[in-house]
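Remarks on the overall topology
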Amino acid sequence: MKLRLLLGDQLNYNHSWFTTVDANVIYFMAEMRQETDYVTHHIQKIVAFFKSMRNFSEHLQKQGHHVIYYSLDHPKNKQSLTDNLAQLIKENQVKHFEYQLPDEYRLDQQLQKFCNSIKISSSVCDTEHFLTNRTDLAHFFEGKKQYTMEFFYRYMRKRFHIMMVNDKDPEGGKWNFDHNNRNKWKGAHLIPIKKDFFTNVTPIENLVKENNIKTIGSVDSKNFTWPTNRKECLETLDYFCKNLLIHFGDYQDAMHTNEYYLFHSNLSFALNTKQLHPKEVVDKAIHYWRKNKDIITISQIEGFVRQIIGWREYMRGIYWLKMPNYAQLNELANHNPLPDFYWTGTTKMNCLKHCITQSLKTGYAHHIQRLMITGNYALLTQTHPDQVDQWYLGIYNDAIEWVEITNTRGMSQFADGGVVATKPYISSGSYINKMSNYCKGCHYKVSQKTTENACPFNSLYWNFLDEKRLFLNKNQRMSMMYRLLDKMDSETLVAHKKRAQHIIANPNDY
Ligand SMILES: Cc1cc2nc3c(=O)[nH]c(=O)nc-3n(C[C@H](O)[C@H](O)[C@H](O)COP(=O)(O)OP(=O)(O)OC[C@H]3O[C@@H](n4cnc5c(N)ncnc54)[C@H](O)[C@@H]3O)c2cc1C
Ligand code: SF4
């Protein structure tokens, strides 16, 4: 017998493993405490993963494959991946063990160690999901000092002939239309309501609760919106192409109290669990755009393609290039704890209240909410990146370490000292006011600087620049901000610093 392992994020319906049914192959999938407990997850994340795994296992069984599936409460489930595997090898006289390359360093290490410890032969193969392999990015940037995403993205466009007019020129005459993507949402267009999947997740929700798994957030079984099988994932992609692509780029950076998703695709869970392939996603969106060029401009599709073949593949390459050291980086020497309100949403700062409450309710926030609200505040208050990582890894349904840590520790917290981002993504309240309607309903006044009612982001911003001068003042992209700081009169700076320090010491009072 041959034993093949399928991890919870390896639900690739089109993997070559499944092209033939072989009676000598056992597929193994398991819901395990090892995976529910390594960080405190959002309850919707656990439920969506388990439901997707169950659907995938049923699909394989219907095709005639032999699947052993351990639910969380299966009597034989030892709750540890390697203990389960060792038991199965013994029970089924397994002669060969096979697995697909895990995307997380911790699982990669665990499985390598396991294979070295067993007496039978073993082999590992690709998940056939990503466009690049683990080391392509490292080869691309070999000998370079900076890992500029834009150059990697252009290479990806050329390599996969995506939106190219010939082998070297980008369609539309430009590689990047990002400067068009800066609109504030004022309700100018109708966003059609997405069809409900009517997924009954109550049995899994109860299982999680009965087993006392510590979770965050809430789940509403009657309103569960995550796609958990191939058909639903394809429907989500279809819905995006037909209804959202038209303004994807325009409102990519916008935030609004009434709209959680705006024109974002909500495809990251389907992609990260491998139920959708990145190439099929961009191919379908491009095909839709080509048929509707009269109403969908190139900046919408280019922005979307860049996220998937650019940022997503880039982050994965950086992860495998820099791990395991990446997980320890704290280049800005930040050591403050994450405020309690990140777990409750109870704060008078309206932007944070909305983004955190939405995340607890849905397991979702879009990129700018993660980067410029929760990430921005954590960085300005000089929070330890370990604590920031733990929060992001737990709260979002799409959070798997390879893409979470590079975005959080790298892009958002600048804890890698500039591997991913060329400068820290920080802002005072004025950017938030420009891109959202949060400030309108806030207890604080965005236009005020240091008064009792002034927006906390304002003082935190200048205090951060002042305190991190040693780390940042050689960064060309920060020079304008440092010139402004240098021009600030000392009285104002002292007032900013006093207020910032009070906020940092008493975050839950704000
Ligand atoms: C602090 C922080 C933490 C993040 N953590 C995660 C995470 O754990 N998992 C995750 O998948 N993404 C993460 N992101 C990236 C991004 O925010 C999400 O991919 C996106 O919000 C998912 O929503 P969507 O599917 O509607 O994306 P859309 O805006 O519709 O974008 C389309 C797709 O592009 C990809 N994409 C977009 N931006 C990025 C990016 N920066 N890196 C990698 N892929 C990207 C995603 O697959 C996404 O589904 C994080 C970003 C920040 C700033
Ligand atoms: S005023 Fe400041 S704290 Fe309030 S919503 Fe605006 S940016 Fe956030």
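Look a little higher up for the structure.
So, how was this worked out
Residues numbered from 1 in each chain as written. Chains lettered and ligands numbered in written order. Predicted model: local features only at pLDDT ≥ 70, side-chain atom pairs only at ≥ 80, totals over all residues. Heavy atoms only, no water. Helix = DSSP H or I, 4+ residues; strand = E, 2+ residues; numbered from the N terminus. Rg over C-alpha atoms; globule rule 2.2 N^0.38 Å. Buried < 20%, exposed > 50% of the residue type's maximum accessible area, 1.4 Å probe, protein only. Contact = heavy atoms within 4.5 Å. Areas by Shrake-Rupley, 256 points an atom, 1.4 Å probe, with all protein chains shown as cover. Lys, Arg positive; Asp, Glu negative; His and termini not counted. Charge placed at Lys NZ, Arg CZ, Asp CG, Glu CD. Axes fitted to C-alpha atoms, helices over the stretch in contact; angles between N-to-C directions. Left-handed = near helix turned anticlockwise from the far one by under 90°. Nonpolar A, V, L, I, M, F, W, Y, C, P; charged D, E, K, R; others polar. Near = heavy atom within 4 Å. Polar contact = N/O pair within 3.5 Å; in protein donor to acceptor, adjacent residues only side chain to side chain. 1 Å grid on protein atoms, 1.4 Å probe; cavity = no way out; pocket = protein on both sides within 12 Å on 5 of 7 lines; lining within 4 Å. Sits in = over half its atoms within 2 Å of the grid points. Points joined across faces, edges and corners; volume = space filled by probe spheres on them.

Before going further, it helps to spend a moment on the overall build of the protein. Helix and strand content of the protein: 20 helices and 7 strands. Over its C-alpha trace the protein gives a radius of gyration of 24 Å, about what one expects of a compact globule, namely 24 Å for 510 residues. Taken along its principal axes, the extent of the C-alpha atoms in the protein is 75 × 55 × 50 Å. Across the 510 residues in the protein, those meeting the buried criterion constitute 58%. For the protein, the proportion of contacts with a sequence separation of at least 24, taken over those separated by at least 6, is 75%. With an accessible surface of roughly 21800 Å², the protein has 51% of that area assigned to carbon and sulfur atoms. Computing the positive centroid from 63 side-chain charges and the negative centroid from 52, the protein places the two 3 Å apart.

The geometry of helix α8 (residues 230–244) relative to helix α10 (residues 278–291) is characterised by a closest axis approach of 10 Å and an angle of 35° between their N-to-C directions. Two packed elements cross with a definite hand, and for α8 against α10 that hand is right-handed. Contacts between α8 and α10 pair R230, L234, L237, D238, C241 and K242 from the former with E280, V281, K284, A285 and Y288 from the latter. Here the contact of α8 with α10 is composed, by residue class, of 6 nonpolar, no polar and 5 charged.

It is worth spelling out the site of ligand 1 at this point. If you check the shell around ligand 1, you find 28 residues, and the closest are H264, S265, N266, N272 and Y364. Within the side chain of H264, one N or O atom sits 2.7 Å away from an oxygen atom of ligand 1. Its free accessible area being 820 Å², ligand 1 has 99% of it covered by the protein chains. The set of elements that each furnish at least two residues to the shell around ligand 1 consists of α9 (268–272), α11 (298–322), α13 (367–380) and α15 (401–412).

Every residue lining ligand 2 is accounted for by M349, N350, C351, G429, I432, Y438, C439, C442, Y444, V446, C455 and F457. With respect to the pocket detection grid, ligand 2 is positioned in the second largest cavity. Broken down by class, the residue content of the shell around ligand 2 amounts to 10 nonpolar, 2 polar and no charged.

On to empty space enclosed by the protein, then. Within this structure, the stated rule accounts for 2 cavities of 30 Å³ or more. Those elements that provide at least two residues to the lining of the largest cavity are β2 (25–30), α1 (33–37) and α2 (43–62). At 5 residues, the largest contribution of residues to the lining of the largest cavity is made by α2. In terms of residue class, the lining of the largest cavity is made up of 16 nonpolar, 4 polar and 5 charged. Lining the second largest cavity are 13 residues, and of these C351, C439, C442, C455 and F457 sit closest to its centre.

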